[in-house]
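What follows is each chain in one-letter form.
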Amino acid sequence: MNKTLLALAVTAAAIGTQANALEVYNKEGTQMSIGGHATIGLTGAHAGKDARVEEKSPRINIEVIQDIGHGFKADFKAEWAMNMLEGGKDTFKTRLGYIGLGHETYGRIAAGTQWSPYYMAAGVVDTPIGWSNDFLYDNQGIFGTARADKLAAYSNTIDFDTAGALTIGAGWQGANSVVDPKDANNTWISSTNRAQVVAGYTIAGFNANYAFNSGNITERGVAKLADSHLVSGKYGNFGSGLYVAATLASNKNMNSFDSKLINETEAFDSILAYGLDMGLNLILKHEEMKDTQNDVRVKSGTSVQAEYTISPRLRAYTGYNFDNQGETGSTVDYRKRKDNQFIIGTRFYL
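Residues numbered from 1 in each chain as written. Predicted model: local features only at pLDDT ≥ 70, side-chain atom pairs only at ≥ 80, totals over all residues. Heavy atoms only, no water.

Q: Explain the environment of Thr331 here, please?
A: As for its position among the elements, Thr331 is in the loop between strand E20 (314–323) and strand E21 (341–349). Linking Thr331 and Asn255, residues 76 residues apart in sequence, is a C-alpha distance of 17 Å. Of the polar contacts made by the side chain of Thr331, one reaches the side chain of Asn294; its length is 3.2 Å. (Helix = DSSP H or I, 4+ residues; strand = E, 2+ residues; numbered from the N terminus. Polar contact = N/O pair within 3.5 Å; in protein donor to acceptor, adjacent residues only side chain to side chain.)

In C-alpha cells:
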C-alpha cells in the first residue's frame, strides 16, 4: 500500500467502512470522491420509552487527492453529520475538515478536525454499527481521543516486509474550549496545549498499540492535568473470519459523568466477532468504565449484534445491548435508569 495515504486507510479500517467512496473525478493526478453513509434503525425497549426510528451517525464527505510530484500527495477532506429525522432543523454539522500532505518515505502531516493518532490505537474496537466504543467520544474534540478538533498531526509507517510494520504518530492541539452544558453562557473545559503520541506494530494478522495523550486543562476555573495511557491489540479483519480486539485505558480527568470530570478512571472495551463467507458477521462486545479512586463502576454495557452485507453498499444490522449500569459509592452515585436497548436497521454506503 502507498504509505502516503496509510493513515487514511488505517482509520477507514478502524471504523469498519467496507464500501468504497464514489469516484466522481480522476484526471491529471487529481482524484475526487464522495463518501459517507445513511444509517437508520428502529429501536425498542429504550429506557422505558416507546419504539421509534433513530439515526446512527449518518454522514457525507468529499475527499480530493492531488499528486504534486516527487513522491508527494496533498489531500483534503470535509465531512458533515446529517440530520435525517428532524424536518425543518439544521441538516449538516461539521465532523471533519482538514488538509494533509504525504510522502511515501517521510510520512504524512495534516491539520484541521480529523481522526487523531490516538484513535489509531484506540479505535480497534470501534467497529460495529449498533454499539461501538463509548468512552472514546467523551469530550473527544478537545481531548483528541477520536475526532480531534484543531489538531496538527504526523503519522508514518515503516514496512519491514515479512517482519511486519511499525506505525508511529503524534499530534498537537492548541487553544480550545467546551461550552458548559449546564450554562451555555460559560465555559466548562478549556485547554491551551495538548499533545499525543502513538506507536503500533502489525505482523501476521496481529496488531499491538500504545498511545499517550496529555495536557493541562481548566474545568470551571480549576486547573487540572488530563491524560490517558492506552494499550490495545487486535487479530484479524472485522467482517472477515475471526476478529478479536481489546483496549484498556488509564485516564485522569478525561471522562465525565453528569457534566463533571472524573478524577481517575479505567476503561476497558473488547470485541469478539466472526464474519462468515455468506456476508453475515456475528458480534459479541463488552465495555466497562470504573472510577478507580472510589472503586465503583461508572457504566457498563454488553451487546450481541449481527450485521449482514446485502450488497457492497447496503448492510442490515440488529442487536441487543444489556445495560449493566453504574454503581453507588460512599461519595458518588453513577446509577441511571436501566437502559437495555434493541435495534434493527440498515446502512447505505455512498
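Q: In this structure, what is going on with the nonpolar core? I would like to understand it.
A: Where a protein is soluble and globular, its nonpolar side chains tend to be buried together. Formed by 22 residues in total, the largest nonpolar core has its most connected members in Tyr118, Phe135, Leu136, Leu230, Ala249, Val298 and Tyr334. Among the secondary structure elements, those contributing two or more residues to this core are strand E6 (92–103), helix H2 (117–122) and strand E19 (296–311). With four residues, the top contributor of residues to this core is H2. (Core = buried A, V, L, I, M, F, W, Y, C linked by side-chain atoms within 4.5 Å. Buried < 20%, exposed > 50% of the residue type's maximum accessible area, 1.4 Å probe, protein only.)

Q: Would you mind going over the pairing of strand E4 (residues 59–69) with me for this structure?
A: A regular strand places its side chains so that they alternate between the two faces of the sheet. Two strands pair when backbone bridges link them, and strand E2 (residues 30–44) and E4 are joined in this way by eight bridges, in the antiparallel orientation. Its bridge partner lying in E4, Ser33 is registered against Glu63. As paired elements, E4 and strand E5 (residues 72–82) share ten bridges and run antiparallel to each other. Across the sheet, Asp67 pairs through a bridge with Lys73, a residue of E5. From the end of E4 to the start of E5, which pair antiparallel, there are two residues, and His70 there has a positive phi angle of about 60°. (Pairing = 2+ DSSP bridges.)

Q: Whenever I open this one, the pattern of salt bridges confuses me. Can you help?
A: Tallied over the entire structure, the rule returns 15 salt bridges. The salt bridge involving Lys182 is made with Asp258; its shortest N-O contact spans 3.8 Å. Of the two residues, Lys182 sits in the loop between strand E10 (176–180) and strand E11 (183–203) while Asp258 sits in the loop between strand E15 (256–257) and strand E16 (260–261), which places them 76 residues apart along the sequence. Between Lys285 and Asp269 there is a salt bridge, and its shortest N-O distance comes to 3.0 Å. Of the two residues, Lys285 is situated in strand E18 (residues 280–291) and Asp269 in strand E17 (residues 264–275); the sequence distance between them amounts to 16 residues. (Salt bridge = Lys/Arg side-chain N within 4 Å of Asp/Glu carboxyl O.)

Q: Help me out: how do you make sense of the packing of aromatic side chains in this one?
A: The geometry of an aromatic ring pair is captured by two quantities: the separation of the ring centres and the angle between the planes. For the structure on display, the rule yields seven aromatic pairs. A ring pair is formed by Phe238 and Tyr243, whose centres lie 5.7 Å apart and whose planes are at 80°; its orientation type is edge-to-face. (Phe/Tyr/Trp six-rings, centres within 6.5 Å; stacked < 30°, edge-to-face > 60°.)

Q: Quick question: what am I supposed to make of the pairing of E19 here?
A: Direction of pairing for E18 relative to E19: antiparallel, over a ladder of twelve bridges. Opposite Leu282, over in E19, you have Ala306 as the bridge partner. What sits between E18 and E19 in their antiparallel hairpin is a turn of four residues, with Asp295 showing a positive phi close to 55°. Bridge analysis of E19 against E20 gives ten bridges, and the strand direction is antiparallel. The residue bridging Gly301 from the neighbouring strand is Asp323, located in E20. In textbook terms, the turn of a hairpin is the stretch between consecutive antiparallel strands, and for E19 and E20 this stretch comprises two residues.

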